[in-house]
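Close look at the chain arrangement
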Amino acid sequence: MNQPDEQIRNYTEGDETAIVRLFNDVFAAERTVERWAWQFQDHVQGAGWITLAEAGDEIVGQYCMMRNHLNFMGREICAGQSCDTMVRSDQRGKRWFVRLASANYEYAAGTGMKAVFGFPNRASYPGFMRSLLWHRITALRHYYYRIGYRRIWGAGIDRIYKFFHKMILTKKTAGLRYRAGESRIETTAHLPDEIEGLCAELLNYEVLSIWKDLKYLRWRYENHPDNRYTFHILWVADRPECLIVTMEKGRDIAICDLLSRTKNIRQAASLLAYVIRLYQATSAQVIHFFGYDDGFFDSVFILCGFSAEYSGDYVFGGRVFGDGDLANKYVIPQNWTIAYGDTDFL
């Protein structure tokens, strides 16, 4: 029950300044209104759903979903990713989380939203499962490849290691390129229009994944207000067959996405080996990827020498609203393809 000076309401234009101020206070961050607008207002699939808690004339809590449509066997499903859940420290213990989320789901479902998903942290996970009726679907796997030992051995030994490692990588990359067949690789800061064909074909051969077309990828990566991403594309004849998206995080390299038109392991491994060799020649130390699918990621990353382990930091879950066929397939982990760039952490 709300107190007399408390209310729950949906976002209205002009709230963004107070929302960003609350976010920065709760998470000790430096988010800008421009970053907020990119995520919640300027999304190519539409605006997000935001529900706010007010005490007096101050915004003290939020539950929201950024727009994030799903691919369901080639069909675009209106969905949202739960993110940026927050309650001001002096307002905790009032069940704002459950009250806000319930109101937000009712609001979003009324506009056509069919599913919500997300990656709850350790603090919020029990609430999502017990009170919001989420299903735990899977934990992502962490794939990592060490290309340097500067932090352990120092700069001098690191240079020697990289010199000999480069010779091994050159041989391995050549072997994978030969097995992949005739192709060329391009590294660029911009996605070519031809990527649309790769996306369209791939959508029809995945059961559940994030809806990724060229407009979405350009919004997600090229138009990000804070981060800069690099695109690595394997072409066969005049068609892009594989795409890897990377981002530099200091001396760590994040692989955000790995898309393969036909899930061709040799082609994808050839492109991944190229990416390893490319960053091995820099000061980078480790390459990371988090993801889950029915085995393609395992095959490609392990073929290229990555280690893999369970990652409890990225637990994936969600729920469906009013679509029985979708609900039945939603909870089966092997139906999903989820990549690092599908989270709101990069």
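Residues numbered from 1 in each chain as written. Predicted model: local features only at pLDDT ≥ 70, side-chain atom pairs only at ≥ 80, totals over all residues. Heavy atoms only, no water.

**With respect to the packing of aromatic side chains**
Within the structure shown, the criterion is met by 30 aromatic pairs. Both rings, one in Phe97 and one in Phe128, keep their centres 5.1 Å apart while their planes meet at 75°; by these two values the pair is edge-to-face. On the criterion of sequence distance, the pair formed by Phe97 in helix α3 (residues 96–109) and Phe128 in helix α4 (residues 125–131) is long-range, its members being 31 residues apart. Relative to Phe301, the ring of Tyr143 lies with its centre 4.9 Å away and its plane at 25°, an arrangement referred to as stacked. On the criterion of sequence distance, the pair formed by Tyr143 in strand β8 (residues 135–146) and Phe301 in helix α10 (residues 296–303) is long-range, its members being 158 residues apart. On the basis of relative accessible area, Phe301 is assigned to the buried category, the value being 0%. The aromatic ring of Phe23 is capped on one face by Arg31, whose charged end is 4.0 Å from the ring centroid. In this structure, Arg99 is placed above the aromatic ring of Trp96, and the distance from its NZ or CZ to the ring centre is 4.2 Å. (Phe/Tyr/Trp six-rings, centres within 6.5 Å; stacked < 30°, edge-to-face > 60°. Helix = DSSP H or I, 4+ residues; strand = E, 2+ residues; numbered from the N terminus. Buried < 20%, exposed > 50% of the residue type's maximum accessible area, 1.4 Å probe, protein only. Lys NZ or Arg CZ within 6 Å of the ring centre and 35° of its normal.)

**Here's the deal with unusual backbone geometry**
Look at Leu133: it is not a glycine, yet its phi comes out positive at around 60°. Here Leu133 shows up in the loop between α4 and β8. According to the relative accessible area criterion, Leu133 is exposed, its value standing at 52%. Phi angles above zero are rare outside glycine, and Lys263 is one such case at about 55°. Note on placement: Lys263 falls in the loop between β13 (252–260) and α9 (265–280). Lys263 sits in the partly exposed class, given a relative accessible area of 27%.

**A closer look at the environment of Gly305**
Mapped onto the fold, Gly305 is located in the loop between α10 and β15 (307–320). A relative accessible area of 40% places Gly305 in the partly exposed class.

**Thoughts on the pattern of salt bridges**
Evaluated as defined, the whole model comprises 18 salt bridges. Among the ionic pairs, Lys212 bridges to Asp257, the shortest N-O distance being 2.7 Å. A residue pair is termed long-range when its members are at least 10 positions apart, and Lys212 in the loop between β10 (208–210) and α8 (214–222) and Asp257 in strand β13 qualify at 45 residues. For the pair shown, Lys212 and Asp257 are each scored as buried. We classify Lys212 as buried; its relative accessible area is 9%. Three or more residues are tied together by salt bridges with common partners; here these are Glu201, Arg239, Glu241 and Arg261. (Salt bridge = Lys/Arg side-chain N within 4 Å of Asp/Glu carboxyl O.)

**Here we look at the environment of Gly318**
Structurally, Gly318 is set in strand β15. Judged by its relative accessible area of 0%, Gly318 falls in the buried class. For the pair Gly318 and Tyr330, spaced 12 residues apart in sequence, the C-alpha separation works out to 8.4 Å. Excluding residues within four positions of it along the chain, Gly318 makes contact with Val116, Phe117, Trp134, His135, Ile137 and Tyr330. (Contact = heavy atoms within 4.5 Å.)

**Let's talk about the environment of Thr282**
With respect to the helices, strands and loops of the structure, Thr282 is situated in the loop between α9 and β14 (286–292). As a C-alpha pair, Thr282 and Gly148 span 134 residues in sequence and 9.6 Å in three-dimensional space. Of note is the side chain of Thr282, whose polar atom sits 3.1 Å from the backbone nitrogen of Ala284. (Polar contact = N/O pair within 3.5 Å; in protein donor to acceptor, adjacent residues only side chain to side chain.)

**Describing the side chain of Arg319**
Inspection of the secondary structure assignment puts Arg319 in strand β15. From its side chain, Arg319 meets the backbone oxygen of Leu132 in a polar contact 3.0 Å long. Discounting chain neighbours no more than four positions away, the residues touching Arg319 are Tyr105, Ala115, Val116, Leu132, Leu133, Trp134 and Tyr330.

**Section: the nonpolar core**
Counting 86 residues, the largest nonpolar core has Leu70, Leu217, Leu272, Phe301, Phe306 and Tyr330 as its most contacted members. Per-element tally for this core: the top contributor is α9, with eight residues. Setting aside chain neighbours within four positions, we find Leu70 in contact with Arg75, Glu76, Ile77, Ala79, Ala115, Phe117, Ser209, Ile210, Trp211, Tyr330 and Trp336. One finds Trp49, Cys78, Trp96 and Val98 within the second-largest nonpolar core, a separate group that totals 21 residues. (Core = buried A, V, L, I, M, F, W, Y, C linked by side-chain atoms within 4.5 Å.)

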